[in-house]
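Understanding the architecture of this molecule
Below, each chain spelled out in residue letters.
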Amino acid sequence: MVDQSAVGHRFTPVTAAVEPGRLRYFFETLGESNSVYRDAAAAKAAGYKGIPIPPTYLFCLEMLDNEKPFEFLTALDIDLGKVLHGEQSFTYHAPVVVGDTLTFQSSVASVADKKGGAMTLIVVETAVTNQDGVHVADTARTIVVRNG
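Heads up: these notes are all about the structure in this document. Per chain, residues are indexed from 1 in the order of the written sequence. This being a predicted model, a pLDDT of at least 70 is required before a residue's local features are given, and a value of 80 or more before pairs of side-chain atoms are given or counted; all residues contribute to the totals for chains, interfaces and linings. Side-chain figures throughout are based on the complete set of non-hydrogen atoms in the structure, without hydrogens or water.

Remarks on helix α1 (residues 20-30)
The buried label goes to any residue with under 20% of its type's maximum accessible area, the exposed label to any with over 50%, and the partly exposed label to all in between, with areas taken from a 1.4 Å probe on protein chains only. Numbered from the N terminus, helices here are DSSP runs of H or I no shorter than four residues, and strands are runs of E no shorter than two. By the burial criterion, the buried members of α1 are L23, F26 and F27. Angularly, the buried residues of α1 cover 95° about the axis, an arc narrow enough to put them on a single face. Facing away from the buried side of α1 by more than 90 degrees, the exposed set consists of Y25, E28 and T29. Throughout, a residue-residue contact means that at least one pair of heavy atoms, one from each residue, lies within 4.5 Å. Those residues of α1 hidden inside the fold are in contact with α3 (57-64). To obtain the arc, one takes the directions from the helix axis to the C-beta atoms.

As for unusual backbone geometry
Positive phi, close to 55°, is recorded for D77, a residue that is not glycine. Following the sequence through the fold, D77 ends up in the loop between α4 (71-75) and β2 (83-92). Although it is not a glycine, K115 adopts a positive phi angle of roughly 55°. Among the secondary structure elements, K115 is positioned in the loop between β3 (101-114) and β4 (119-129).

Below, the structure written as C-alpha cells:
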C-alpha cells in the first residue's frame, strides 16, 4: 500500500519530440479537422510559430516516448491490475508546437486513502519545459489504486 513516504518521489525525466507524423495520426484518430492543427500557414495566421498541439497531447507524448512508461508503478510497488486512471488536468503557460522538444519531470504530489483504506488516490504532477528551458505546461494525473 502506498503511503505518505511516496510524496516528493521524482521519476526519471522523459524527453519527447513533437513530431508532425505522430501528431497527424493523433488528429486522424480524433477526427480533428481544424486547419490550425493541420496547416502551418493557418497556424501562423492564428498567432502560433508553428502547428500547435491539442491540450491532451502532452499525456500521449510523455507515455509514448517514455522508456519506462509505468515506472511510477514499479517505484511505488503498485500492481497494474489494481490501477484506474482517475483524472488528469493540463495548465499551459506557453504554446507547444511541432518541432519542440519537451522534457517532462514528474513527481508524487499527494497520497490519500479513501473509503476506509479500500483505495488510495495518488496525484502525480509533471512540469513540462521546452528545448529553450521555457516552462510550457504543468500536468496532473490522479491514479486510483484498489487496495486489498
